[in-house]
Amino acid sequence: ADIDLFISQWLKGKKGVTLFQVGANDGISGDPFFRYVRVYKIKNLAVEPIPFLFNKLKDNYTRAKQIDNCILLNMGISHNSSETIYYFEPNPNITVPENIYQLGTFNRAFLNDSSKKFPELKIVAKEVPTVTVSHLQNTYFSPDVMHIDTEGFDFEVIKTIDFAHSPRLIVFEYIHLSENDLK
């Protein structure tokens with residue numbers, strides 16, 4: 001709720017806001033920006049590498065009649081534009097808590113605890129196309145806001161931002177950062 005209040009206050013009175021969402025998931029679950037994209041007509045570039053979540057993302061934005069405001073990319077963000085191994089549970093119908101089957105990361109070690117707690121998870125490794133944030137900034141637009149939710153890879157994503165055209169606000173998960181990265 002604190003993030004929701006912060007975002008609503010930050011957006012108040014602003015027009016023409018642009019947003020990058022890295023690790024966009026399905027566009028709704030755990031997404032503090034979905035309703036604001038609709039209300040404020042935010043131009044959104046959303047990146048999601050897990051195929052079934054990307055399809056849900058596309059469906060959710062289409063149903064909300066926001067697809068024209070959005071650029072949706074089925075890829076990941078990494079240190080370079082190439083292909084990188086991505087780890088995730090490919091079955092959207094697995095009977096584990098929703099936040100568990102939505103996990104995906106370039107950092108396999110991040111999923112080890114979840115795999116131990118939920119042995120039914122069948123984590124697969126798949127090469128996915130990747131680009132840097134600065135590539136997206138140069139290709140599409142420089143966002144006013146970035147929302148990063150990449151399960152232990154957030155700081156690595158931040159490192160790929162072209163800060164000459166930096167966002168005014170970056171929302172990310174810091175809980176998985178090491179002590180060294182927090183400095």
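Definitions and cut-offs
Residues numbered from 1 in each chain as written. Predicted model: local features only at pLDDT ≥ 70, side-chain atom pairs only at ≥ 80, totals over all residues. Heavy atoms only, no water. Helix = DSSP H or I, 4+ residues; strand = E, 2+ residues; numbered from the N terminus. Contact = heavy atoms within 4.5 Å. Areas by Shrake-Rupley, 256 points an atom, 1.4 Å probe, with all protein chains shown as cover. Lys, Arg positive; Asp, Glu negative; His and termini not counted. Charge placed at Lys NZ, Arg CZ, Asp CG, Glu CD. Pairing = 2+ DSSP bridges. Patch = residues over 30% accessible without salt bridge, like charges linked within 9 Å, V, L, I, M, F, W, Y side chains within 5 Å. Salt bridge = Lys/Arg side-chain N within 4 Å of Asp/Glu carboxyl O. Buried < 20%, exposed > 50% of the residue type's maximum accessible area, 1.4 Å probe, protein only. Arc of directions from axis to C-beta. Core = buried A, V, L, I, M, F, W, Y, C linked by side-chain atoms within 4.5 Å. Phe/Tyr/Trp six-rings, centres within 6.5 Å; stacked < 30°, edge-to-face > 60°. Lys NZ or Arg CZ within 6 Å of the ring centre and 35° of its normal.

(A) Fine view of the overall build of the chain. Tallying secondary structure elements over the chain gives 8 helices and 9 strands in all. With the C-alpha coordinates aligned to their principal axes, the bounding extent of the chain is approximately 50 × 40 × 30 Å. In the chain, 74% of the contacts between residues at least 6 apart in sequence involve partners at least 24 apart. Accessible surface computed for the chain: about 9,400 Å², of which carbon and sulfur atoms make up 51%. Averaging the coordinates of the 19 positive side-chain charges in the chain and doing the same for the 22 negative ones gives two points 6 Å apart.

(B) Spatial organisation of the sheet that holds strand E5 (residues 82–88). Ordered in space as E4-E7-E5-E6, the 4 strands form an open sheet in which the pairing is mixed. Two strands close off the open sheet at either side, each with one partner strand: strand E4 (76–77) and strand E6 (104–105). Note that E5 and E6 share 2 bridges and pair antiparallel. Residue pairing in the sheet places Tyr87 in a bridge with Thr105 of E6.

(C) Region of interest: a nonpolar patch on the surface. A cluster of nonpolar side chains, Phe172, Tyr174 and Leu182, forms an exposed patch at the surface whose accessible area comes to about 320 Å². Residue placement: Tyr174 occurs in the loop between strand E9 (169–172) and helix H8 (179–182). According to the relative accessible area criterion, Tyr174 is exposed, its value standing at 56%.

(D) Region of interest: helix H1 (residues 2–11). Of the residues making up H1, those classed as buried are Ile7, Ser8, Trp10 and Leu11. Looking down the long axis of H1, one finds its buried residues gathered within 165° of arc, a one-sided arrangement. In this structure, H1 carries Asp2 and Leu5 as exposed residues pointing more than 90 degrees from its buried face. Along its buried surface, H1 packs onto helix H2 (34–39), strand E8 (145–148) and E9. Count one or two residues on from H1 and you reach Gly13, which has phi positive near 80°.

(E) Focus on the nonpolar core. Ranked by internal contacts, the top residues of the largest apolar core, which has 24 residues, are Ile77 and Leu136. Sorting the residues of this core by element identifies strand E1 (18–22), strand E2 (43–47), helix H3 (51–63), E5, strand E7 (124–131), helix H6 (133–139), E8 and helix H7 (154–158) as the ones contributing at least two each. The residues contacting Ile77, other than those within four sequence positions of it, are Val22, Val47, Phe106, Val131, Thr132, Val133, Leu136, Phe153, Val157 and Thr160. Among the nonpolar cores identified, the runner-up in size contains 21 residues, and Ala24, Tyr61, Ala64 and Cys70 belong to it.

(F) Molecular detail of the pairing of E9. Residues Leu169 and Val171 of E9 are buried on one face, while the alternating residues Ile170 and Phe172, pointing to the opposite face, are not. Pairing of E8 with E9 involves 4 bridges; the strand directions are parallel. From the neighbouring strand, His147 faces E9, where its bridge partner is Val171.

(G) Inspection of the packing of aromatic side chains at higher detail. As enumerated under the stated definition, the model contains 6 aromatic pairs in all. Where Tyr86 meets Phe106, the ring centres are 4.9 Å apart and the plane angle is 75°; that geometry is what we call edge-to-face. Here Tyr86, found in strand E5, pairs with Phe106, found in the loop between E6 and helix H5 (112–117); they are 20 residues apart in sequence, far enough to count as distant. Assigned by exposure class, Tyr86 and Phe106 land together as buried. Members of the aromatic cluster, joined through ring pairs, are Tyr86, Phe88, Phe106 and Phe153. Sitting above the plane of the Trp10 ring, Lys14 keeps its charged end 4.4 Å from the centroid.

That is the geometry; function is a separate question.
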